Amino acid sequence: MSLLDNAVLKIEVLGNEQPSSQSLHVAFGIDAFFAFPMGIAMTSFIANHQQKHITFHIFTDSLFADDILRLKKLSEQYNILINIYYIDVSIFKNLKT
């Protein structure tokens, strides 16, 4: 059994877009306080890759409800897929920094 086997507690999917073999996948590892700057980076990425299918993957321990609503609007406006992976951060507590 790997340390990461139970790391993902929940996955929330925003958007209806189905990823294809041509999708661009972009991942972010953030905490709730970095959601706004991440949203700016996501919007910039979308603006610069308008002809591509985009799937964002967000790894976090939590997000504020307002930020989830903003991400949902972003997914609907640009027809993109956003996967939010809620992580059990306690598995990282003994890692050296």
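Since the structure is predicted, the reported quantities are computational estimates derived from the model, not experimental observations.

**Here's the deal with the sheet that holds strand β3 (residues 54-60)**
The strand order β1-β4-β3-β2 describes an open sheet built from 4 strands, whose pairing is mixed. Two strands in the sheet have a free side with no partner beyond their single neighbour: β1 (8-14) and β2 (24-29). Across the sheet, the mean angle from the axis of one strand to that of its neighbour is 15 degrees, orientation sign disregarded. Relative to β3, β2 runs parallel, the two sharing 6 bridges. Following the sheet pairing, F28 is matched in β3 by I58. Seen against the sheet, helix α2 (residues 65-78) touches β1, β3 and β4 (81-87) and runs at an angle of roughly 45 degrees to β1.

**Here we look at the environment of N94**
Tracing the backbone shows N94 in the segment after β4. Owing to a relative accessible area of 68%, N94 belongs among the exposed residues under this scheme. C-alpha of N94 to C-alpha of I68: the two residues are 26 residues apart in sequence and 30 Å apart in space.

**Comments concerning α2**
If you check α2, its first and last C-alpha atoms are 20 Å apart, about what 14 residues at 1.5 Å a residue would give, namely 20 Å. Buried residues of α2: D67, I68, L71, L74 and S75, and no others. Along the axis of α2, the buried residues cluster in a sector spanning 115 degrees; they form a single face. Residues of α2 that are exposed and point over 90 degrees away from its buried face: A65, D66, K73, E76 and Q77.

**Remarks on the confidence of the model for the protein chain**
Summary statistics for the protein chain give a mean pLDDT of 89 and a share of 93% for residues scoring 70 or more. Averaged over each element, pLDDT in the protein chain is lowest for β1 (91) and highest for helix α1 (residues 35-47) (96).

**Thoughts on the packing of aromatic side chains**
With the rule as written, the count across this model stands at 4 aromatic pairs. Ring centres of F33 and F64 lie 5.4 Å apart, and the angle between their planes is 70 degrees; on these two criteria the pair is classed as edge-to-face. In this pair, F33 is assigned in the loop between β2 and α1 and F64 in the loop between β3 and α2, connecting sequence segments 31 residues apart. Residue classification places F64 among the partly exposed residues on the basis of a relative accessible area of 41%.

**Side note on the packing of α1 against α2**
Running from N to C, α1 and α2 cross one another at 5 degrees; their axes reach a closest spacing of 11 Å. For the element pair α1 / α2, the angle class is roughly parallel. Packed against α1, whose contacting residues are A35, M38, M42, T43 and I46, the element α2 presents D67, L71, L74 and Y78 at the interface. A breakdown of the residues in the contact of α1 with α2 according to their chemical character gives 7 nonpolar, 1 polar and 1 charged.

Analysis parameters
- Residues numbered from 1 in each chain as written.
- Predicted model: local features only at pLDDT ≥ 70, side-chain atom pairs only at ≥ 80, totals over all residues.
- Heavy atoms only, no water.
- Pairing = 2+ DSSP bridges.
- Helix = DSSP H or I, 4+ residues; strand = E, 2+ residues; numbered from the N terminus.
- Axes fitted to C-alpha atoms, helices over the stretch in contact; angles between N-to-C directions.
- Contact = heavy atoms within 4.5 Å.
- Buried < 20%, exposed > 50% of the residue type's maximum accessible area, 1.4 Å probe, protein only.
- Expected span 1.5 Å × (residues − 1).
- Arc of directions from axis to C-beta.
- pLDDT = per-residue confidence, 0-100.
- Phe/Tyr/Trp six-rings, centres within 6.5 Å; stacked < 30°, edge-to-face > 60°.
- Parallel < 35°, antiparallel > 145°, perpendicular 65-115°, else oblique.
- Nonpolar A, V, L, I, M, F, W, Y, C, P; charged D, E, K, R; others polar.

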